[in-house]
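Observations on chain architecture
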Amino acid sequence: MQASDPCDLFHKCYQKEGLFSNVREGKDNYYAQPILEGPLGPHMTFNGQKMIVWSINDYLGLAGHPEPTARAKEVLEAFGTAYPMGARLMSGFTQNHQTFEAKLAKFAQKESALLFNYGYLGVLGVITSIMGPRDTVIIDHDSHACIVDGAKLATTRRNQFRVFRHNDMDHLEKILKSINQDRKGGILIVTDGIYGMTGEVAPLKEICALKEKYNARLLVDDAHGIGIMGATGRGTGEHLGVQDKIDLYFSTFAKCFAGIGGFVAGDKEIIEHITWNARPVIFAKNLPLIYSDSLSATLDVIEREPERREKLWEIATYMQRRFKEEGFDIGNTTSPITPVFLSISGLEAIKDAIHILREEFHIFASGVMYPVVPRGVFLLRLVPSCRHTFDDVNKTIEAFIQIKERIIKKH
Ligand SMILES: Cc1ncc(COP(=O)(O)O)c(C=O)c1O
């Protein structure tokens, strides 16, 4: 069979169809798969040039922190990188994993917790293990891809997978009402805590009130809320005073923990059920000890050093105030994530904005477009960390002012 034949399976690969087909073409490590070098932090090297970096989600500046690093070195010396070998239910578990899960449960103010080796797989594992054939899952329209994929994978029946308009509580209630008219099983509502691209906070108070009114259960993926939101950094549930009403609290370690993996926390029986039914737990190797032990040390730092969270908020609040003063549209963010919506469209204008930002102002920010956000939306996304400085912010605002004028004039 020839790849030029549309009936060949590989035809699409040669046609460069699929996601990101418009930027993938360049293969330049500039717009597509850019390579940042040097120690992780707010100042890194890109294309041979030092940059102020607003892209790495290291909210609390914990990447490379000496304590988790020292713990990882100890594990490396004693056990190597692979230990323990096997899936958790077979031979891939240790006392240390158990201790870390207990610490996570306590942090999330739940009875039990379960580790996953990726946030993405964790959400897939939770939704698919908790959903039965008669249950319905309802998700927000702008949910992270792992929630969408988890809901797809967990459902086979028409109407078993429902979507409510972004943060629209009337629409959520309408769906809940309609399911309740002819209810056959349970209802799982799933939402992000903080929307990672726009920084919007989910209306968890209202969602919790609805889930109680209609006897549903709630899973919150708080990837961008943990460590950052709430008086003690316990996340968006704490921030909005509803942590105890969230049935399943989930987070990845890929953001403020500056690590890898994820966890879910909830009532003991529910976590037990997920442990014995989540396919990413049953059929994949468990998180190696080098990660779980160093993440456990990271959690200690998060709890012990609230000043990191305070500094992050100072920087974020200042940056958002300055953008607004200069007339920029930063959407509805009420978290540190700062999206700057530029009224430009077309790939060339977007590339132009990113190029000028990097080459003339030495600022590295990620451009976000479809399929990460809805079609037609373009934003430059800035993720502050507690290690950024007010000077970093001032330089960035100055650059954005110039870019706005030049790009809008040109395109
Ligand atoms: C809301 C949300 N959930 C899950 C994930 C995936 O986490 P991980 O990178 O650990 O797979 C992300 C990361 O982008 C996220 O933002």
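Residues numbered from 1 in each chain as written. Predicted model: local features only at pLDDT ≥ 70, side-chain atom pairs only at ≥ 80, totals over all residues.

**Brief notes about helix H8 (residues 204-213)**
Going by this rule: Buried, partly exposed and exposed are defined by the number of other C-beta atoms within 10 Å of a residue's own C-beta, namely 20 or more, between the two limits, and 12 or fewer respectively, with C-beta atoms placed from the backbone. A run of DSSP states H or I qualifies as a helix once it reaches four residues; a run of E qualifies as a strand once it reaches two. Both are numbered from the N-terminal end. Directions drawn from the helix axis to the C-beta atoms are what define this arc. Here contacts are defined at the residue level, using C-beta atoms placed from the backbone and a cut-off of 7 Å between them.
For H8, the set of buried residues is Leu 204, Ile 207, Cys 208, Leu 210 and Lys 211. Buried residues of H8, seen end-on, are gathered within an arc of 165° and therefore sit on one face of the element. Turned more than 90 degrees away from the buried face of H8 sit Glu 212 and Lys 213, all of them exposed. Residues of H8 that are buried make contact with helix H7 (169-181), strand E7 (187-192), strand E8 (217-221) and helix H9 (236-239). A positive backbone phi angle near 50° is found at Asn 215, which sits one or two residues after H8.

**Overview of the sheet that holds E8**
To keep things clear, this is the line we draw: Two strands are counted as paired when DSSP detects at least two bridges linking them. Axis angles are defined between N-to-C directions and span 0 to 180 degrees, where every axis is a line fitted to C-alpha atoms and, for a helix, only to the segment in contact.
The sheet built from seven strands is open, its strands ordered E4-E10-E9-E8-E7-E5-E6 with mixed pairing. In this open sheet, the two strands that pair with only one neighbour each are strand E4 (112-116) and strand E6 (161-164). On average, adjacent strands in this sheet sit at an angle of 20° to one another, irrespective of strand direction. As paired elements, E8 and strand E9 (residues 248-252) share three bridges and run parallel to each other. Bridged to Asp 221 within E9 is Phe 250. On the sheet, H7 packs against strand E5 (136-140), E6 and E7 and is oriented at approximately 150° with respect to E6.

**Brief notes about the site of the ligand**
Stated precisely, the cut-off is as follows: Defining nearness, a residue is near a molecule or strand when the C-beta atom obtained from its backbone falls within 6 Å of it. By the convention adopted, Pro, Cys, Tyr, Trp, Phe, Met, Ile, Leu, Val and Ala count as nonpolar, Lys, Arg, Asp and Glu as charged, and the other residues, Gly among them, as polar.
The environment of the ligand is formed by 13 residues, the closest being Gly 119, Tyr 120, His 144, Ala 223 and Thr 252. Among the elements that take part in the shell around the ligand, helix H5 (residues 119-130) stands out by supplying three residues, more than any other. Looking at the shell around the ligand residue by residue, the classes come out as six nonpolar, five polar and two charged.

**Observations concerning the domain arrangement of the protein**
A common measure of how large an interface is: the accessible area buried when the components associate. Which entries qualify depends on this criterion: All the domain ranges listed were derived from an automatic or database domain assignment.
If you check the domain split of the protein, you get domain 1 (34-59 + 306-410) and domain 2 (66-304). Between domain 1 and domain 2, the contact holds 19 residues from the first and 15 residues from the second. Of all elements in the fold, only helix H13 (306-325) and strand E11 (338-341) reach the threshold of two or more residues within the side of domain 1 that touches domain 2. Ranked by residues supplied to the side of domain 1 that touches domain 2, first place goes to H13 with three residues. Counted by class, the side of domain 1 that touches domain 2 contains nine nonpolar, seven polar and three charged residues.

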